[in-house]
Amino acid sequence: MCRNLSKYALIFLFLALSGLIFLLCNIHTVENWNCHTISALYQLQSRIQSSFIPVGIPNFNHSRTFCAHLGLKPSPEDELEERYLLDLIAWPVPPSHSTPIALRRTSDPVHSLFAILPTKAGREWHVGDQLEVLVQMHDFQGQPKHYGGDFLLARLHSPELGAGVAGIVLDHKNGFYSVLFPLLWVGSAQVEITMVHSSEAVTVLRRLREERPDRVFFKSLFRLGFLSETTVCNMCLPPDQQPLCNYTDLHTGEPWYCYKPKMLSCDTRINHAKGGYLKHLITNKEALLFQSGVNIKVPIHASGTDRINVVPSRTDKVDAESSSINPEPIKLAPSGYYYEDSWRPLGGVTMRQFNESSAITQCLKNKVINMYGDSTVRQWFEYLIASAPELKEFNLHSPKNVGPFMAVDSTHNILLMYRCHGPPIRFSTVMSSELRYISNELDGLSGGPNTVVVLSIWAHFSTFPVEVYIRRLRHIRRALVRLMDRAPGTLVVIRSANLQAVDQEVSLYNSDWYSLQLDRVLRAMFKGLNVLQVDAWQMSVAHHLPHALHPPPAIVKNMIDMFLSYICPEKKKRQQK
């Protein structure tokens, strides 16, 4: 019996020594395997816990519109500009009520009406005239409204001609609205008025923007060896709940914070991602203000005809102003219109058609195109590489839909690059090393006549107070001024915001009202600067296709044609002597 035990002991000793030798020879492999296993178990445990325990979402003091530590204090000049911009986008406020207003007393697009007003010359309209439409808002009981603040969109279009132009809406703050259209083509023209949100709904959206910048939250993964933790991040986090990691950009002062992991240091952050959307932001009564098909993007019908026929322009220049209401002067003239489904800018630039890939390639020859911003400009990158097959995407092993991305045409010496803007960015996962602020990237460009810069930054700022967006654009504007000072030939193109499909949920985070406000700020802040603009807002308002955050190909093609027309303008014909 003892001999058998001794025999087995020798066998076990041999196996133990073999295992130890194997472990020593493969210590790094085993350690790596062990780290990943424990990390995976830790993350699984975290997910299980998060299913039963609420994620550490911060509780905001909702009586304050800003966190006190939200960015550096602006200079007196910046404060003056900020006040001007906030006054510029000021929206009429409905009368205050001690109790929430009942749905039946809010704006109802079905009971509301519009009418085409005659001109002094009767009901005859010529190309070059201005068409005026009067809108009267009513509530769900059919009673007229006596205050303004409704968000209306207006379009004059002709399906037969593939024509369309955005209208200018003027709020008289008494339940009446004037809508003005330039008459730009001969033939039929149909008026379309849409209520996007009631004035009561806009009041809710305004409150959310100022008081709940946390309604979209972000997260970051921290990892070191076999330990990993995920914490909540945002531009604004209450500092009194737990310690913060401060990731404020050293060059711009743009703030960004994450809650400090319990077991890891702040410098172990490896990525950034969208965490999610907070729910239960509004009351049940407020939710009634955001009903698809009831009071979100519902058309308003005409009390009479909604069509006119436009005849060729006058030769005697007869004054044909509308007579019944004297509207304010037009504050924003249309930047262009569609005719035969092609955008025709009114700013003096002729838009060329780039229907062949060879035309696109020839236009971009010897160019370096730097695209910075959100996914709406990434859509341009994708369109260009699909339309110009010689532009080959270089595999940077970047996450899909995140980037950075790069495409090269070595034959024609074309370099096309896309990089997303810095936080806030609601992409799935961005490595921390790839989080770059646009202004810092612009400071790193040499620039010159063969450099093109394209910017689109708006969609991810809708949940924050407008001051946050103003500050971000101010940094970008200063960087652009520095770039154009050192390289005056650099071409800069800015893509504006556009309309999108909205329902109740989307409205609370990405309403077109938020986008409109940001778009007006963007236009004002870059006015007078040597930059060019592709007016995605009016191009989406005027087109007949449904609104989408990423517009359909027909609209994108017009945007790209406009963009390429800036790079390669139509050559002026020499005047004959």
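About the thresholds
- Residues numbered from 1 in each chain as written.
- Predicted model: local features only at pLDDT ≥ 70, side-chain atom pairs only at ≥ 80, totals over all residues.
- Heavy atoms only, no water.
- Pairing = 2+ DSSP bridges.
- Helix = DSSP H or I, 4+ residues; strand = E, 2+ residues; numbered from the N terminus.
- Salt bridge = Lys/Arg side-chain N within 4 Å of Asp/Glu carboxyl O.
- Buried < 20%, exposed > 50% of the residue type's maximum accessible area, 1.4 Å probe, protein only.
- Axes fitted to C-alpha atoms, helices over the stretch in contact; angles between N-to-C directions.
- Parallel < 35°, antiparallel > 145°, perpendicular 65-115°, else oblique.
- Left-handed = near helix turned anticlockwise from the far one by under 90°.
- Contact = heavy atoms within 4.5 Å.
- Nonpolar A, V, L, I, M, F, W, Y, C, P; charged D, E, K, R; others polar.
- Disulfide = S-S within 2.5 Å.
- pLDDT = per-residue confidence, 0-100.
- Core = buried A, V, L, I, M, F, W, Y, C linked by side-chain atoms within 4.5 Å.

**Focus: the sheet that holds strand 12 (residues 257-259)**
Note: strands within a sheet are paired through backbone hydrogen bonds, in either parallel or antiparallel orientation.
Then comes step 1: Here we have six strands laid out as an open sheet, ordered 11-12-10-9-13-22, and antiparallel in their pairing. With one partner strand each, in any of the chains shown, strand 11 (244-246) and strand 22 (430-431) form the two edges of the open sheet.

**Focus on the pattern of salt bridges**
Then comes step 1: The final tally for this structure, using the stated rule, is 25 salt bridges.
Then comes step 2: Across the pair K73 and E79 runs a salt bridge, and its minimum N-O distance is 3.4 Å.
Then comes step 3: Judged by relative accessible area, which is 72%, K73 ranks as exposed.
Then comes step 4: In this structure, the salt-bridge partner of R523 is D535, at a minimum N-O distance of 2.6 Å. Residue R523 is located in helix 11 (residues 512-526), and its partner D535 is located in the loop between strand 25 (532-534) and helix 12 (536-541); the two are separated by 12 residues in the primary sequence. Side by side, R523 and D535 carry an identical accessibility label, which is buried.

**Quick look at the packing of helix 4 (residues 199-211) against helix 11**
In helix packing, the relevant descriptors are the interaxial angle and the interaxial distance, both defined with respect to the helix axes.
Then comes step 1: Two elements in contact, helix 4 and helix 11, have axes separated by 10 Å at closest approach and are oriented at 65°. Classified by the angle between their axes, helix 4 and helix 11 sit roughly perpendicular to one another. With respect to the hand of their crossing, helix 4 and helix 11 are arranged in right-handed fashion. Contact residues: V202, L205, R206, L208 and R209 in helix 4; W513, Y514 and Q517 in helix 11.
Then comes step 2: Residues belonging to the contact of helix 4 with helix 11 are distributed by class as follows: five nonpolar, one polar and two charged.

**Some remarks on the state of the cysteines**
Then comes step 1: On inspection of all chains with the given rule, the structure shows three disulfides.
Then comes step 2: Here C245 connects covalently by a disulfide to C266, the sulfurs 2.0 Å from one another. What sets the handedness of the C245 and C266 disulfide is the S-S torsion sign, and at about -85° it is left-handed. Of this pair, C245 sits in strand 11 while C266 sits in the loop between strand 12 and strand 13 (271-277), and the two are 21 residues apart along the sequence.
Then comes step 3: For C245, a relative accessible area of 0% gives the class buried.
Then comes step 4: You can call C266 partly exposed: its relative accessible area is 23%.

**Overview of the pairing of strand 23 (residues 451-456)**
Then comes step 1: For strand 23, the buried fraction is high: six of the six residues fall into the buried class.
Then comes step 2: Pairing of strand 18 (residues 368-373) with strand 23, which is carried by six bridges, proceeds in the parallel orientation. Following the sheet pairing, G373 is matched in strand 23 by S456.

**Examining the confidence of the model for the protein chain**
Then comes step 1: Scored by pLDDT, the protein chain comes out at a mean of 87, with 84% of its residues at no less than 70.
Then comes step 2: Scored below 50 in pLDDT, residues 61-66 shows nine contacts in the model against residues more than four places distant or in partner chains.
Then comes step 3: Contacts for the low-pLDDT stretch residues 317-332, under 50 throughout, to residues beyond four places or in other chains number 28 contacts.

**Concerning the nonpolar core**
Then comes step 1: Core analysis: the largest hydrophobic core is formed by 71 residues, its most contacted members being L442 and L480.
Then comes step 2: With 10 residues, helix 9 (residues 466-486) is the largest single contributor of residues to this core.
Then comes step 3: Dropping the residues within four chain positions of it, L480 is found in contact with L442, L455, V492, F526, L529 and V531.
Then comes step 4: Membership of the second largest hydrophobic core comes to 45 residues, among which are L391, A407, I560 and M562.

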